[in-house]
Amino acid sequence: MGFPGLIWRGEVYQVDLGRPVGHEAAFVRPAVIVSGDGFNNGPGGMVAVVPIGSTAYGLRSHIELEPGPNGLDRTSYARCDQLRVISVARLMSRRGMASLDQLQAIDQALRFFLDL
């Protein structure tokens, strides 16, 4: 496990988030990288991700993602209220790249969620 290359903001990876505690997003699932490229490729070996799920909850912090170049095979939802910082060792495989519009919507939801 682990991805031995450069990691870019907006990429969608299959990640292993492990076993859940409470209502955490968990197990193997797609996630979009939201941290900056300098952090992603720095010496810490960590990235910030937003897990992606297939269930619609109608929350402002969940951004709908249509399938396409992001590597998703069905309509899914970036769950910005589940923001996680994880080791790059949890990255299993690259699925694709979120579109600029999708990434901007995720950024807006993160600003709302984090009250920035």
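The preceding data block contains the structure.
These figures come from a predicted structure and were not determined experimentally.

### Quick notes on the side chain of N40
Phase 1 of the analysis: Among the structural elements, N40 can be located in helix α1 (residues 37-40).
Phase 2 of the analysis: Reaching out from N40, the side chain makes a polar contact with the side chain of S35 at a distance of 2.3 Å.
Phase 3 of the analysis: The contact partners of N40, leaving out residues within four places of it in the chain, are I7, W8, R9, I33, S35, M46, V47 and V88.

### A look at the nonpolar core
Phase 1 of the analysis: By size, the foremost hydrophobic cluster in this structure holds 15 residues, and its most contacted members are V32, V34, V50, I63, L65, C80 and I106.
Phase 2 of the analysis: Sorting the residues of this core by element identifies β3 (46-53), β4 (62-65) and α2 (100-114) as the ones contributing at least two each.
Phase 3 of the analysis: In this structure V32 touches G10, E11, V12, A48, V49, V50, I52, A98 and I106, once residues within four positions along its chain are discounted.
Phase 4 of the analysis: Residues I7, Y13, V15 and V88 belong to the second largest nonpolar core, which totals twelve residues.

### Describing a nonpolar patch on the surface
Phase 1 of the analysis: Taken together, the side chains of L83, F112, F113, L114 and L116 present a nonpolar region at the surface, about 480 Å² in accessible area.
Phase 2 of the analysis: Its place among the elements puts L83 in the loop between β5 (76-79) and β6 (84-87).
Phase 3 of the analysis: Residue classification places L83 among the partly exposed residues on the basis of a relative accessible area of 32%.

### Here we look at unusual backbone geometry
Phase 1 of the analysis: If you check the backbone angles, F27 has positive phi at about 65° while not being a glycine.
Phase 2 of the analysis: Structurally, F27 is set in the loop between β1 (11-16) and β2 (28-33).
Phase 3 of the analysis: Residue F27 is classed as partly exposed on the basis of its relative accessible area of 45%.

### Quick word on the pattern of salt bridges
Phase 1 of the analysis: Summed over all chains, the structure comprises two salt bridges.
Phase 2 of the analysis: D107 is paired through a salt bridge with R9; the nearest N and O atoms lie 2.4 Å apart. You can see D107 sitting in helix α2 and its partner R9 sitting in the segment before β1, a full 98 residues away along the chain.

### Overview of α2
Phase 1 of the analysis: Look at α2: 21 Å from first C-alpha to last across 15 residues, which is about the 21 Å you get at 1.5 Å a residue.
Phase 2 of the analysis: Regarding α2, the residues found buried are Q102, L103, I106, D107, A109 and L110. Each buried residue of α2 sits inside an arc of 165° when the element is viewed along its axis, so together they form one side. Across from the buried face of α2, at angles greater than 90 degrees, the exposed residues are L100, D101 and Q108.
Phase 3 of the analysis: Among the residues trailing α2, D115 stands out with phi positive, at a value near 55°.

The rules behind the values
- Residues numbered from 1 in each chain as written.
- Predicted model: local features only at pLDDT ≥ 70, side-chain atom pairs only at ≥ 80, totals over all residues.
- Heavy atoms only, no water.
- Helix = DSSP H or I, 4+ residues; strand = E, 2+ residues; numbered from the N terminus.
- Polar contact = N/O pair within 3.5 Å; in protein donor to acceptor, adjacent residues only side chain to side chain.
- Contact = heavy atoms within 4.5 Å.
- Core = buried A, V, L, I, M, F, W, Y, C linked by side-chain atoms within 4.5 Å.
- Buried < 20%, exposed > 50% of the residue type's maximum accessible area, 1.4 Å probe, protein only.
- Patch = residues over 30% accessible without salt bridge, like charges linked within 9 Å, V, L, I, M, F, W, Y side chains within 5 Å.
- Areas by Shrake-Rupley, 256 points an atom, 1.4 Å probe, with all protein chains shown as cover.
- Salt bridge = Lys/Arg side-chain N within 4 Å of Asp/Glu carboxyl O.
- Expected span 1.5 Å × (residues − 1).
- Arc of directions from axis to C-beta.

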